[in-house]
Amino acid sequence: QVIKINTMEKLDFNLIIKKSVRGVLALISRTFFLNIISFGAFLIITGFLPPKDFGIYTVVIAMQRIISFFTDFGLGAALIQKKQDIRKEDIVTGFTIQAGVSLLIFILVFTFQGVFSNLFKLNDDGLRLLLALVFTIFLSSFKTIPSILLERSLNFGKLVLPQIVESLIFNFVLVGLVISGYGINSFTWAFLLSSLLGIPFYYFVSPWKIGIGIDRNSLVSLKYGLQFQAKNILATIKDDLLTVILTRFLTFTEIGYIGFAQRFAFYIYRYVVDSVTKVTFSAYARVQGDIIFLRKAIEKSLFFIGVVMFPALFGLIVIAPYLIEFYPKWNNKWEPAIFSIVFFCLNAIISSFSGILVNVLDATGKVKITLRLMIIWTVLIWILTPIFIYFYGYNGVSVASFLVSMTIAYTAYLVKKVIDFNFLQNIYKSGVSAILMAIVVFISGRIFVEDVFSLIFVILIGMVVYIASLIILARKEIGRDIMRFGIKI
């Protein structure tokens, strides 16, 4: 039996382009308000929580991510990437495996919670948060199939609704409890309530009848997921396991500075790049047989990411000290994180492009190549991080992460062996414009910035400089893309 959910197998390339663009715009524009709320919540909780509590939260989140990657075996990616129509048996098998394994994992963590507490120095609040987060992994298995069906058909607009509901519940509960003085327990209740109450909305936008069972043929067709997940597990070892291990060498306060800087620097990355890669993975997978079309799609993705991420992150590097100084509840608390913010921002810029390139390899079935890349990155980060912690203390974590991101040159080389595309040609114009903007903002900041209003004025000057520079350097590219969608400039 075949599931007919508006799959993309018969769609022409022009329709794929339009649906991809609409998908990106839907995820970015419809979540704009949510990201404002999320960032507002971030401002509030980092104002009320001490760095130590934020450090505990950072470590527990890392532990949850480690555990979660051992529960789905990349089944979602396998179903999305599959060239043929997905069958009912494929879906039921995927759900059964993920739900069963995630429930078993929760039981094991609950049984051995004392071991986790002693090994990673978690207090009672941190341990309760860990248990809640592991339970939400089980709850998320009920959301996976509805999400897959929508992503496979590039119907990302509908997927936004349940994400909106979950985000609103999470942030309002979190902020209310943090202000009321519940500390780490605020995260516990926010994760549980948002995860539970969000489930019905996934079935509203993408209904399917839950079934239990395992089909042998489906297991064979899902083998791609094992390779895909092996790469993700290595990514978790590279980042999250390292964060957990840092509890043996750094204090929770120092880890709090690292967590603050990383989240601050990667906030725009998560908002923009995650939306683009989410859509382009499905789109690349649908057109993986057309090399010429795929090359154009890659180059357009790189150009778009450069236009957005270069100015956002170069600008953030320059104005971060002012933001921390002028925000009342950040002053005298988060200044020690400024050094790390700079290097995490540089990392985020490079990772924005690296994410697109890795996405191409995954979507075209070259998971063994990305697995090789992840092995290299994991080895490098585990070697470099202790070295730079020795020289720079907790700030060494951000320096090491930036140096590892510089391996993008090798990533681009591997992708070019699959698809011949032009990397630098599609990013240097936005990069030059952003550097010019950053220089103007830096100099203007030293001269004019005395308060929030003068900072806003300088930021506006920087925006004008960037837009003017980009129009001068990349008018042809911008005009061609806009004209393609029927808008004259």
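Quick caveat: nothing in here was measured; it's all calculated off a predicted structure.

Asker: Which residues make up a nonpolar patch on the surface, and what are the values?
Answerer: Together, F339, I375, V379, I383, I387, Y390, F391 and Y392 make up a nonpolar patch on the protein surface, roughly 860 Å² of accessible area in all. For the nonpolar patch, the element with the highest residue contribution is helix α15 (residues 367-392), accounting for seven residues. Among the secondary structure elements, I383 is positioned in helix α15. Look at I383 and you get partly exposed, because its relative accessible area is 47%.

Asker: I'd like a rundown of the confidence of the model for the protein chain, residues and numbers included.
Answerer: On average, residues of the protein chain score 82 in pLDDT, and 80% of them reach the 70 mark or higher. For the stretch residues 1-11, pLDDT sits under 50, and the model shows 31 contacts to residues farther than four places along the chain or on other chains. Throughout residues 485-489 the model reports pLDDT below 50, and contacts reaching past four residues in sequence, or to other chains, amount to eight contacts.

Asker: Mind laying out the side chain of S141, listing which residues take part and the relevant values?
Answerer: Its location among the elements puts S141 in helix α7 (residues 124-152). Given the relative accessible area of 1%, S141 is considered buried. Not counting residues within four places of it along the chain, the set of residues in contact with S141 comprises F95, Q98, A99 and S102.

Asker: Pulling in residues and values, what's your account of the packing of aromatic side chains?
Answerer: If you walk through the whole model with that rule in mind, you get 34 aromatic pairs. Arranged with centres 5.4 Å apart and planes meeting at 65°, the rings of F95 and F142 form a pair that is edge-to-face. With F95 in helix α5 (residues 88-111) and F142 in helix α7, the pair connects residues that are 47 residues apart, well separated along the chain. For F95, a relative accessible area of 3% gives the class buried. The ring of F48 is capped by K329, whose NZ or CZ atom sits 4.8 Å from the centre of that ring.

Asker: Kindly report on the nonpolar core, identifying the contributing residues and their values.
Answerer: Counting residues in hydrophobic clusters, the biggest one holds 116 residues, and the most contacted among them are L130, F187, F260, L302 and F353. Not counting chain neighbours up to four residues away, the residues in contact with F187 comprise I45, L49, Y57, L129, F170 and L174. If you look at the next biggest cluster of nonpolar residues, it comprises 16 residues, including F95, A99, L139 and Y203.

Asker: I'd love a proper account of the packing of helix α14 (residues 338-363) against α15, names of residues and values included.
Answerer: How two helices pack is summed up by the angle between their axes together with the distance between the axes. The N-to-C vectors of α14 and α15 enclose an angle of 140°; their axes lie 7 Å apart at closest approach. By the criterion of interaxial angle, the relationship of α14 to α15 is oblique. At the point where α14 passes α15, the crossing takes the left-handed sense. Taking contact as the criterion, the partners of S354, V358, L361 and D362 in α14 are, on α15, V367, I369, T370, L373 and W377. Looking at side-chain class alone, the contact of α14 with α15 contains six nonpolar, two polar and one charged residues.

Asker: Mind laying out the pattern of salt bridges, listing which residues take part and the relevant values?
Answerer: Under the criterion given, the structure shown has four salt bridges. Here D125 ties to R128 by a salt bridge, and the two come within 2.4 Å at their closest N and O atoms. Placement of the pair is D125 and R128 together in helix α7, with a separation of three residues, close to one helical turn. Using a relative accessible area of 41% as the deciding quantity, one classes R128 as partly exposed. Linking K143 and E166 is a salt bridge whose minimum nitrogen-to-oxygen distance equals 2.4 Å. One end of the pair, K143, is in helix α7; the other, E166, is in helix α8 (residues 156-179), and 23 residues separate them in sequence.

Asker: An account of the packing of α15 against helix α17 (residues 408-418) is needed here, citing residue identities and associated values.
Answerer: Axis separation between α15 and α17 bottoms out at 11 Å; the angle between their running directions is 170°. Compared by their axis directions, α15 and α17 come out roughly antiparallel. Where α15 approaches α17, its residues I369, R372, L373, I376 and W377 are matched on the opposing element by Y410, T411, L414 and V418. The residue inventory of the contact of α15 with α17, partitioned by class, reads seven nonpolar, one polar and one charged.

Asker: Report on the environment of I356, specifying residues and quantitative values.
Answerer: Along the chain, I356 falls in helix α14. A relative accessible area of 0% means that I356 is categorised as buried. Distance from I356 to S301, taken between C-alpha atoms, is 7.3 Å for residues 55 residues apart in sequence.

About the criteria used
- Residues numbered from 1 in each chain as written.
- Predicted model: local features only at pLDDT ≥ 70, side-chain atom pairs only at ≥ 80, totals over all residues.
- Heavy atoms only, no water.
- Patch = residues over 30% accessible without salt bridge, like charges linked within 9 Å, V, L, I, M, F, W, Y side chains within 5 Å.
- Areas by Shrake-Rupley, 256 points an atom, 1.4 Å probe, with all protein chains shown as cover.
- Salt bridge = Lys/Arg side-chain N within 4 Å of Asp/Glu carboxyl O.
- Helix = DSSP H or I, 4+ residues; strand = E, 2+ residues; numbered from the N terminus.
- Buried < 20%, exposed > 50% of the residue type's maximum accessible area, 1.4 Å probe, protein only.
- pLDDT = per-residue confidence, 0-100.
- Contact = heavy atoms within 4.5 Å.
- Phe/Tyr/Trp six-rings, centres within 6.5 Å; stacked < 30°, edge-to-face > 60°.
- Lys NZ or Arg CZ within 6 Å of the ring centre and 35° of its normal.
- Core = buried A, V, L, I, M, F, W, Y, C linked by side-chain atoms within 4.5 Å.
- Axes fitted to C-alpha atoms, helices over the stretch in contact; angles between N-to-C directions.
- Parallel < 35°, antiparallel > 145°, perpendicular 65-115°, else oblique.
- Left-handed = near helix turned anticlockwise from the far one by under 90°.
- Nonpolar A, V, L, I, M, F, W, Y, C, P; charged D, E, K, R; others polar.

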